[in-house]
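Breakdown of the fold
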Amino acid sequence: MAKAKLKVILLRATPDPDEIVALGARLCYAQADVESLRERVEAKDQAAFVERVMERGHLSVTEHASFTFAVEGVSRALLAQLTRHRIASFSVQSQRYVSMADGFDYVVPPSISALGEDAEAEFARQMDQMHAWYCQWQEKLGGAGESANQDARFVLPNAAATRLLVTMNARELLHFFELRCCNRAQWEIREMAWQMLACCREAAPALFAHAGPACVSGPCPEGKNTCGKASEVREKCKNL
Ligand SMILES: Cc1cc2nc3c(=O)[nH]c(=O)nc-3n(C[C@H](O)[C@H](O)[C@H](O)COP(=O)(O)OP(=O)(O)OC[C@H]3O[C@@H](n4cnc5c(N)ncnc54)[C@H](O)[C@@H]3O)c2cc1C
């Protein structure tokens, strides 16, 4: 049993994501056939096409590029939030097929760590206690195996760490970053979203040039709930 650490890896992306989106954009507005369009798009700087089409709100072309991430060291609390995003595909480590009898890693909220070593140690003891309850139920329900695991897991905490794959297309990612990179989003999913955005920026600089929370490309939509840190957030986004 150990404190989990967030890890985000961009496993796969559509090859040349900016280029395929630029091709889609050109195709909509040109008479030329695909081969000649392709030559033209390959030869030119795609950023301008991508920028123009996105400015016009013609976002369906961004759906041609998709991105698959591996994420580890995140809590089941994060999982519940992430899977609310419906235009995404997920594979998540199962608590039914995978026994936690040997223990589970867990995410410690920074607010608890900030209280000091004693608080972290108390949190760790509570995790151990839950693990002991899990093992007791697993034993009573017939020992490690699908049917015992699936019910013993009811005493596991939201802090229990999990690992997953998530695939989203660029349109969904732009939406996801708008919501989840925002300071109003919960800290854990926000941290993950920023790491995902950094990966996307590298893989597709044009597509994700203006990605980030809403305040990066316009006024903050949060009204009286605004964090009031739009310029700080814009700076963070610029230097990502
Ligand atoms: C700060 C914050 C606080 C939140 N608090 C809560 C909370 O207290 N309780 C709670 O339940 N949830 C909460 N959520 C989750 C939120 O309500 C959404 O479920 C989640 O952010 C997914 O966003 P989405 O539905 O826009 O996008 P996605 O599911 O990612 O879909 C993307 C877009 O596709 C379109 N779309 C997808 N499915 C449909 C559909 N069936 N019909 C029409 N259009 C569709 C919509 O335009 C949608 O915006 C919170 C989210 C944030 C960021």
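Just so you know, these numbers come straight off a predicted model, no measurement behind them.

Calculation criteria
- Residues numbered from 1 in each chain as written.
- Predicted model: local features only at pLDDT ≥ 70, side-chain atom pairs only at ≥ 80, totals over all residues.
- Domains from an automatic or database assignment.
- Contact = placed C-beta atoms within 7 Å.
- Helix = DSSP H or I, 4+ residues; strand = E, 2+ residues; numbered from the N terminus.
- Near = placed C-beta within 6 Å.
- Nonpolar A, V, L, I, M, F, W, Y, C, P; charged D, E, K, R; others polar.
- Pairing = 2+ DSSP bridges.
- Axes fitted to C-alpha atoms, helices over the stretch in contact; angles between N-to-C directions.
- Expected span 1.5 Å × (residues − 1).
- Buried ≥ 20, exposed ≤ 12 C-beta atoms within 10 Å, placed from the backbone.

1. A closer look at the domain arrangement of the protein chain
On domain assignment, one finds that the protein chain holds domain 1 (7–91 + 162–238) and domain 2 (96–159). Centre-to-centre, using C-alpha coordinates, domain 1 lies 34 Å away from domain 2. Domain 1 puts seven residues into the contact, and the matching count from domain 2 is five residues. A total of three residues in the side of domain 1 that touches domain 2 trace back to one element, the largest contributor, which is strand S2 (residues 66–75).

2. Topic: the site of the ligand
Neighbouring residues of the ligand: Arg84, His85, Arg86, Ile87, Glu172, His175, Leu179, Arg180, Arg184 and Ala185. Split into classes, the residues belonging to the shell around the ligand amount to three nonpolar, two polar and five charged.

3. What about the sheet that holds S2?
Across the sheet, four strands lie side by side as S1-S2-S4-S3; this open sheet has antiparallel pairing. Edge positions in the open sheet fall to strand S1 (7–13) and strand S3 (88–92), since each of these has one partner strand only. The average undirected angle you get between the axes of adjacent strands in this sheet is 20°. Alignment of S1 against S2, held across six bridges, turns out to be antiparallel.

4. Quick word on helix H6 (residues 117–140)
For H6, built from 24 residues, the straight-helix expectation of 34 Å at 1.5 Å per residue is met to within 8% by its first-to-last C-alpha distance of 35 Å. Within H6 the residues assigned to the buried category are Met127, His131, Tyr134 and Gln138. At its buried positions, H6 is contacted by helix H7 (146–152). Positioned one or two residues after H6, Gly142 has a phi angle of 115°, which is positive.

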